[in-house]
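Summary of the model geometry
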There are 2 protein chains.
Amino acid sequence: MKQYKVGLVGIGAVGTEMVKVLRQRSFPASEIRILATRDRDEVVAGETFHVRETAAEAFDGLDIVLFAGTEGSKGASKTWGWEAVRRGAVVIDNGDDFRMDERVPLVIPEINGDALARHQGFIANPNCSTIITLMGIAPLHRANPLRHMTAVTFQSVSGTGRAAITELDAQARAYAAGGAVTAEAYPHPIAFNVLPQIGGAKPEMPGFTSEEAKMTFESRKILGVPDLRVGCTCVRVPVFYAHSVAVHAQFANPFTAEEARAILAAAPGVRLVDDLAAAQYPMPLNIQHGDDVGVGRVRVDPSVPNGLALWVCGDNIRKGAAQNAVQIAEEMIRRGLI
Amino acid sequence: MKQYKVGLVGIGAVGTEMVKVLRQRSFPASEIRILATRDRDEVVAGETFHVRETAAEAFDGLDIVLFAGTEGSKGASKTWGWEAVRRGAVVIDNGDDFRMDERVPLVIPEINGDALARHQGFIANPNCSTIITLMGIAPLHRANPLRHMTAVTFQSVSGTGRAAITELDAQARAYAAGGAVTAEAYPHPIAFNVLPQIGGAKPEMPGFTSEEAKMTFESRKILGVPDLRVGCTCVRVPVFYAHSVAVHAQFANPFTAEEARAILAAAPGVRLVDDLAAAQYPMPLNIQHGDDVGVGRVRVDPSVPNGLALWVCGDNIRKGAAQNAVQIAEEMIRRGLI
């Protein structure tokens, strides 16, 4: 089997998970070269790596480069992404700088792997909450076109990165110890609170945040429905890992709950967990650190024509970021594109 | 000023808050008689009460009886409610047994105080998440009829009662101490998790929970729109006090965000907190233990005709339960009904 030299830029929460995912999936990597802000030796996911300072020549010889920037962290792929392509690598970027770029396929392999055929060396990994929502919606959309969805998210702090994980932990400990709570990663404390803001204001959609706008624009691009109508509210909740999303959708034709469940049960990468009477549904504590996106609470929403409501939950660091990026690389290998 | 003998049945989280609210609002009570499962002296909200065992004759002489049962706690008002009415009291019931009863007005004083005129001695306090949602929606509906809403809730554990408050506290402390987490109040741990289930399955609305069904049926009755269309997902979050709700609504005619904000800013009982650029919006930590329902994130939802999205947050134990019940009594006094 052909082996690939894999570069990895950034070793925060997502970058570390990328190393884990590459190893867990036995990705055919003859080398994992980690690039970051400065040279040092560092243990990442149990392995010692010689981390190299990011520079143009550091990309030489790489077949695949994963940019591990978390949501909204600007910089690395903007500075080095196309340079890496010029030096012969295929870039898979977890950041949000190039997702809407027409040259860049925006891919969830289970949904629109076909878009990879048109790649120009640079592929974007979608937003975490968009990936998780669409993993539940796309299989249904294939059977019965999606016309509208309202998505309300319950997003974990790991989506913000390590500082926010540390902050929720510290706030929980301060609560238990009776000490003062400090907030730095967010404008307000997150422990025992919910924050109806993820990202900043987005001028293209007045009143909406950047995270909410992504749900609209990225869903349109991934599903290939340029006029798809999406209403969205994105909310941070005091959860460490896994984003949950309440989706109320409308399709071209009616679904019964049974039909929808059968489609979801057969969908790759989806785990149907749906037994309300037995209190079985996906939630962060039974989904976190796993590969599959859980779907439950599937029911006809009688308040709109052809309505269907569902609850989707996936690990934002894995399927929402690191795992999806590695799956894109696997899919490109499978299709003979690298 | 006329004084009233007030009975209070049940002294869990809601009953205790009712005593507090009666005192804070200087309710004209010549007596507060607490009835519960057994005779004892007990300190409630800083006052020592001689708690009497609930029995038919214990209601004699009372003008107003507040039943403080929390959501889904069956019993007291079913057993004693109409008996208290027969003995001359006006009953205000926080439980959910009689809300849809045609003899029983279901009232949020700021919204449908007029319904009290038709009372037969028994008034119901609506569900906490329905009250909080409608405090944000009803002022808009008065100006521009509501046609549809999708409401997704983020509900605090105090809605379940004291055992759940204790359980979230214990789970947070167990986390900090590195100990094992036990779950009794809910089928799963709630700390660092979200549970997409509040209440049991509701046969009238297949796949929906009882809490979700309440949002539909109670909203119809309170707003007086029998065919109002409501989609709802109710979710428990690891928050102690205050329920938040993401509402995506459709009205008969368009609203601008400015028009909607002006209406909400002038609505009694509503506090507009809406400056996304400055990270100002209502959330549990700035709303809990207060009287007003906060509304923020007001924006046109361009995904549907005449769409408007907003974020509503209110203290479920206060405006969602105890305070609204006391306000019902005040409104009846104001209208000369008691």
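Structure: above.
We now turn to the structure provided with this report. Model, not experiment: these values are computed from the prediction.

**Here we look at the overall build of chain A**
- When helices and strands are tallied, chain A shows nine helices and 13 strands.
- A compact globule built from 338 residues should have a C-alpha radius of gyration of about 20 Å, and chain A, at 20 Å, falls within 12% of that.
- Overall size of chain A, expressed as C-alpha extent along the three principal axes, is 60 × 55 × 40 Å.
- The long-range fraction of contacts in chain A, counting pairs at least 24 apart against all pairs at least 6 apart in sequence, stands at 70%.

**A word on the relation of the copies chain B and chain A**
- Relative to chain A, chain B is turned by 180° and slid 0.0 Å along the rotation axis, the superposed coordinates differing by an RMSD of 0.0 Å. Here the transformation between the copies is reduced to the relation of a two-fold axis.
- Mapped onto chain A, 100% of the interface residues of chain B again fall at the interface, so both copies present the same surface.

**A word on the sheet that holds strand E7 (residues 122-124) of chain B**
All names here are of chain B.
- Strand order across the open sheet formed by seven strands is E3-E4-E2-E1-E5-E6-E7, with mixed pairing between neighbours. The open sheet has two free edges, formed respectively by strand E3 (40-44) and E7, since each of these has just one partner strand. The mean inter-strand angle of the sheet, taken between neighbouring strand axes irrespective of direction, is 30°.
- Contacts between helix H1 (residues 13-24) and the sheet are confined to strand E1 (4-9), strand E2 (29-36), E3, strand E4 (47-53) and strand E5 (64-67), with E1 contributing the most and set at about 160° to the helix.
- Helix-sheet contacts for helix H9 (residues 318-334) involve E1, E5, strand E6 (90-93) and E7, and the interaxial angle to E6 is about 150°.

**Points about the interface of chain B and chain A**
- Taken together, the 57 residues of chain B in the interface contact 57 residues of chain A.
- Note on chain B versus chain A: buried area summed over both sides is about 4800 Å², and carbon and sulfur give 66% of it.
- On the surface where chain B and chain A come into contact, there are four salt bridges.
- The closest approach of N and O atoms between Arg297 of chain A and Glu212 of chain B, which form a salt bridge, is 2.6 Å.
- At the surface where chain B touches chain A, the tally comes to 28 residue pairs in polar contact (both at pLDDT 80 or more).
- Among the elements of the structure, strand E8 (146-155), helix H5 (162-177), strand E9 (229-236), strand E10 (243-251), helix H8 (284-287) and strand E12 (293-300) of chain B are those that each provide at least two residues to the side of chain B that touches chain A.

**Observations regarding the side chain of Gln327 of chain A**
All names here are of chain A.
- Along the chain, the position of Gln327 falls in helix H9 (residues 318-334).
- On the basis of relative accessibility, which here comes to 11%, the residue Gln327 falls in the buried class.
- When sequence neighbours within four positions are dropped, the list of residues in contact with Gln327 reads Arg25, Pro109, Glu110 and Lys319.

**Overview of unusual backbone geometry**
All names here are of chain A.
- The phi dihedral of Ala45 falls on the positive side, at around 50°, and the residue is not glycine.
- By the secondary structure assignment, Ala45 is in the loop between strand E3 (40-44) and strand E4 (47-53).
- We classify Ala45 as partly exposed; its relative accessible area is 38%.
- One non-glycine residue with positive phi stands out, namely Ala242, at about 90°.
- Among the structural elements, Ala242 can be located in the loop between strand E9 (229-236) and strand E10 (243-251).
- By relative accessible area, Ala242 is classed as buried at 1%.

**As for the packing of aromatic side chains**
Residues and elements named next belong to chain B.
- This model, assessed by the stated rule, comprises 23 aromatic pairs over all chains.
- A ring pair is formed by Tyr4 and Phe27, whose centres lie 6.5 Å apart and whose planes are at 55°; its orientation type is tilted. Here Tyr4, found in strand E1, pairs with Phe27, found in the loop between H1 and E2; they are 23 residues apart in sequence, far enough to count as distant.
- Overall, the relative accessible area of 3% leaves Tyr4 in the buried class.
- A relative accessible area of 7% places Phe27 in the buried class.
- Residues Trp82 and Phe98 carry aromatic rings whose centres are separated by 6.3 Å and whose planes lie at 80° to one another, so their mutual orientation is edge-to-face. Placement of the pair is Trp82 in helix H2 (residues 76-86) and Phe98 in the loop between E6 and helix H3 (109-112), with a sequence separation of 16 residues.
- Classification of Trp82 by relative accessible area gives buried; the value is 18%.

**Section: the packing of helix H4 (residues 128-143) of chain B against helix H7 (residues 257-265) of chain B**
All names here are of chain B.
- Relative to each other, H4 and H7 sit at 115°, their axes nearing to 9 Å. In terms of orientation, H4 lies roughly perpendicular with respect to H7. The crossing of H4 and H7 is right-handed. Contacts from Gly136, Pro139, Leu140 and Ala143 in H4 reach Ala260, Ile263 and Leu264 in H7.
- When its residues are assigned to classes, the contact of H4 with H7 shows six nonpolar, one polar and no charged.

**Looking at the sheet that holds E4 of chain A**
Residue and element names in this part refer to chain A.
- The mixed open sheet is built from seven strands, whose spatial order is E3-E4-E2-E1-E5-E6-E7. Each edge of the open sheet carries a strand with a single partner, namely E3 and strand E7 (122-124). Adjacent strand axes in the sheet meet at a mean angle of 30° when their direction is disregarded.
- Two strands pair when backbone bridges link them, and strand E2 (residues 29-36) and E4 are joined in this way by two bridges, in the parallel orientation. By the bridge assignment, Leu35 is partnered in E4 with Arg52.

**Topic: the packing of helix H5 (residues 162-177) of chain A against H5 of chain B**
- For the pair H5 of chain A and H5 of chain B, the least separation of the axes is 9 Å and the interaxial angle reads 110°. Between H5 of chain A and H5 of chain B, the angle falls in the class roughly perpendicular. The element H5 of chain A and its partner H5 of chain B pack so that their crossing is left-handed. Contacts between H5 of chain A and H5 of chain B involve Asp169, Ala172, Arg173, Tyr175 and Ala176 of chain A from the former and Asp169, Ala172, Arg173, Tyr175 and Ala176 of chain B from the latter.
- Classifying every residue of the contact of H5 of chain A with H5 of chain B by side-chain character gives six nonpolar, no polar and four charged.

**Thoughts on the pairing of E4 of chain B**
- Pairing between E3 of chain B and E4 of chain B: five bridges, direction antiparallel. Residue pairing for E4 of chain B: Val44 of chain B is matched across the bridge by Glu47 of chain B.

Conventions we followed
- Residues numbered from 1 in each chain as written.
- Chains lettered and ligands numbered in written order.
- Predicted model: local features only at pLDDT ≥ 70, side-chain atom pairs only at ≥ 80, totals over all residues.
- Heavy atoms only, no water.
- Helix = DSSP H or I, 4+ residues; strand = E, 2+ residues; numbered from the N terminus.
- Rg over C-alpha atoms; globule rule 2.2 N^0.38 Å.
- Contact = heavy atoms within 4.5 Å.
- Least-squares fit on C-alpha atoms with pLDDT ≥ 70 in both.
- Pairing = 2+ DSSP bridges.
- Axes fitted to C-alpha atoms, helices over the stretch in contact; angles between N-to-C directions.
- Buried area = accessible area lost by both parts, 1.4 Å probe.
- Salt bridge = Lys/Arg side-chain N within 4 Å of Asp/Glu carboxyl O.
- Polar contact = N/O pair within 3.5 Å; in protein donor to acceptor, adjacent residues only side chain to side chain.
- Buried < 20%, exposed > 50% of the residue type's maximum accessible area, 1.4 Å probe, protein only.
- Phe/Tyr/Trp six-rings, centres within 6.5 Å; stacked < 30°, edge-to-face > 60°.
- Parallel < 35°, antiparallel > 145°, perpendicular 65-115°, else oblique.
- Left-handed = near helix turned anticlockwise from the far one by under 90°.
- Nonpolar A, V, L, I, M, F, W, Y, C, P; charged D, E, K, R; others polar.

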